[in-house]
Amino acid sequence: MQENLPSCLFNPIDRRKLLGLAGAVGLSHIATPALAQKWPNKSIRFVVPFAPGGSSEIVARSTAAEMTKTIGQSVYVDNKPGAAGNIAMSEVARAEDHHTVILGHIGTLAVNPYIFAKLPYNVEKDFKPISLLAKVPSLYVVNPKVPVKNIKELIEYAKANPESLSYGSAGNGSAGHLAFEYLKLTSGFSMLHVPYRGTGPMMTDLLSGRVGASAIGAAAVIPFIKSGKLRCIATGSSKRIPQLPDVPTVAEQGFPGFEMTQWYGKLAPANFSSSEIDLLAAETSKAVRAPSSVERLHADAAEIIGDTPAQFAEFIAREQARWKQVIAKAQIKAD
């Protein structure tokens, strides 16, 4: 039978070649899946361009915690405040690891392009929208030492005490800055603006009375209102919020059509592929609508969105058109 078998089986050198070839073919079937690694293949860094303590922190951490359960990798929040969010936005725009995303915001996406002469990032070219996560109504609050209980009294007090009353914000161009400037333009009064480096530091001075007033996202300030440490004189929402049913909106107090909400969305650097964006959008929408997220965010008066990349892109464009006009009228400038 030997003459019917390949001679290479009896030639030591040829047999080694044949076995080597067979091994290589077998290993190729094993190695191919390993080379085509599933994305994401490491932890996802979710950058928040503001200091801890504000609504951005609450929205981001809630979303990150839920995504960690479903996307196959951990998602962690990294706060990188500074320069009205420009430092973080610029860094993430140039990230090349395909595992870094950022929390977009009314300030970084719709305001900074119009208050900075030279912005270190381009909203349209450097980023791809993923999903609008949530909208949070701005609440107009005062330190209890300030003797006002509504918007009308605030305006009268500010006019009578132009040097003694100031309002604080998380920084020039922040949502709180816009909210008060929008109110000032609408109602025709003036008040000194004191910008801080983040909501957290500003809250410290507001609670102590170093600044008298502020407009802050509901999520960050409701506990202080309920404990009596701050007094809410109006909500920027289109209707009263369930958490503060006795507090009227600005519109109810003589300014029809007035609405001021902060909003937060997720974006990725422009080098992300369409498949990566689609996966992130699906997982993000799922995370923000998860029962635990809904419970947490609704408790803080947030309106949950979780839309598509195309819808978020359209929303950003509308907000840019809106705030461009307000910025020009209020002459808001960067530091």
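Residues numbered from 1 in each chain as written. Predicted model: local features only at pLDDT ≥ 70, side-chain atom pairs only at ≥ 80, totals over all residues. Heavy atoms only, no water.

S.K.: Hey, could you run me through the nonpolar core in this one?
M.R.: Nonpolar side chains in soluble globular proteins tend to be buried together. One finds Ile 106, Tyr 140, Leu 154, Phe 180, Met 260, Trp 263 and Trp 323 to be the most contacted residues of the largest nonpolar core, which totals 52 residues. Both domains that furnish three or more residues to this core are identified here as domain 1 (44–134 + 261–330) and domain 2 (137–253). In contact with Trp 323, other than residues within four places in its own chain, are Ile 106, Ala 110, Val 111, Leu 178, Tyr 182 and Met 260. Judged by nonpolar contacts, the second largest core, of 50 residues, contains Phe 46, Leu 206, Ala 219 and Ala 220. (Core = buried A, V, L, I, M, F, W, Y, C linked by side-chain atoms within 4.5 Å. Buried < 20%, exposed > 50% of the residue type's maximum accessible area, 1.4 Å probe, protein only. Domains from an automatic or database assignment. Contact = heavy atoms within 4.5 Å.)

S.K.: How should I be thinking about empty space enclosed by the protein in this particular structure?
M.R.: One way to see where empty space is left: roll a probe the size of a water molecule over the atoms. Applying the stated criterion across every chain yields a total of one cavity of 30 Å³ or more. In this structure, the largest cavity spans a volume of roughly 210 Å³. Along the walls of the largest cavity sit 20 residues, with His 105, Ala 170, Thr 199, Gln 262 and Tyr 264 positioned nearest its centre. Of all the secondary-structure elements, those providing two or more residues to the lining of the largest cavity are helix H2 (55–70), helix H7 (175–187), helix H8 (199–208), strand E7 (213–217) and strand E9 (261–269). (1 Å grid on protein atoms, 1.4 Å probe; cavity = no way out; pocket = protein on both sides within 12 Å on 5 of 7 lines; lining within 4 Å. Points joined across faces, edges and corners; volume = space filled by probe spheres on them. Helix = DSSP H or I, 4+ residues; strand = E, 2+ residues; numbered from the N terminus.)

S.K.: How should the confidence of the model for the chain be read in this particular structure?
M.R.: In regions of low pLDDT, the predicted coordinates are not meant to be interpreted in detail. On average, residues of the chain score 88 in pLDDT, and 89% of them reach the 70 mark or higher. For residues 1–10, every residue scores under 50 in pLDDT, and the model assigns this stretch seven contacts once sequence neighbours within four places are set aside. Taken as a whole, residues 21–36 scores under 50 in pLDDT and shows zero contacts with residues more than four places along the chain or in a different chain. (pLDDT = per-residue confidence, 0-100.)

S.K.: Explain the environment of Trp 39 here, please?
M.R.: Relative to the elements of secondary structure, Trp 39 occurs in the loop between helix H1 (12–35) and strand E1 (44–48). The buried category is assigned to Trp 39, whose relative accessible area is 15%. Sequence separation between Trp 39 and His 98 is 59 residues, and the spatial gap between their C-alpha atoms is 9.1 Å. In this structure, Trp 39 is in contact with His 98, His 99, Phe 272, Glu 276, Leu 279 and Leu 280, ignoring residues within four places of it in sequence. Within the local environment of Trp 39, its side chain forms a polar contact with the backbone oxygen of His 98, the two atoms lying 3.0 Å apart. (Polar contact = N/O pair within 3.5 Å; in protein donor to acceptor, adjacent residues only side chain to side chain.)

S.K.: Explain H2 to me, please; I cannot follow it from the model alone.
M.R.: Because the α-helix completes a turn every 3.6 residues, residues three or four places apart line up on one side. With 16 residues, H2 ought to run about 22 Å at 1.5 Å a step, and its terminal C-alpha atoms sit 24 Å apart, in line with that. Listed in full, the buried residues belonging to H2 are Ser 55, Ser 56, Glu 57, Ile 58, Val 59, Ala 60, Ser 62, Thr 63, Ala 64, Glu 66 and Met 67. Looking at the residues trailing H2, positive phi occurs at Gly 72, about 95°. (Expected span 1.5 Å × (residues − 1).)

S.K.: For this particular structure, what's the right way to read the layout of surface pockets?
M.R.: Taken as a whole, the largest pocket holds about 390 Å³ of empty space. In this structure, the largest pocket is lined by 21 residues; those nearest its centre are Pro 137, Ser 237, Thr 261, Ala 301 and Glu 303. Counted by class, the lining of the largest pocket contains nine nonpolar, five polar and seven charged residues. In terms of domain composition, the lining of the largest pocket takes at least three residues from each of domain 1 (44–134 + 261–330) and domain 2 (137–253). When its volume is computed, the second largest pocket comes out at roughly 300 Å³. As for the second largest pocket, its lining consists of 21 residues, and the residues nearest its centre are Ala 83, Ala 84, Ala 170, Tyr 196 and Arg 197. Of the residues in the lining of the second largest pocket, the class split is nine nonpolar, 10 polar and two charged. Both domains that meet at the lining of the second largest pocket, namely domain 1 (44–134 + 261–330) and domain 2 (137–253), each give it at least three residues. (Nonpolar A, V, L, I, M, F, W, Y, C, P; charged D, E, K, R; others polar.)

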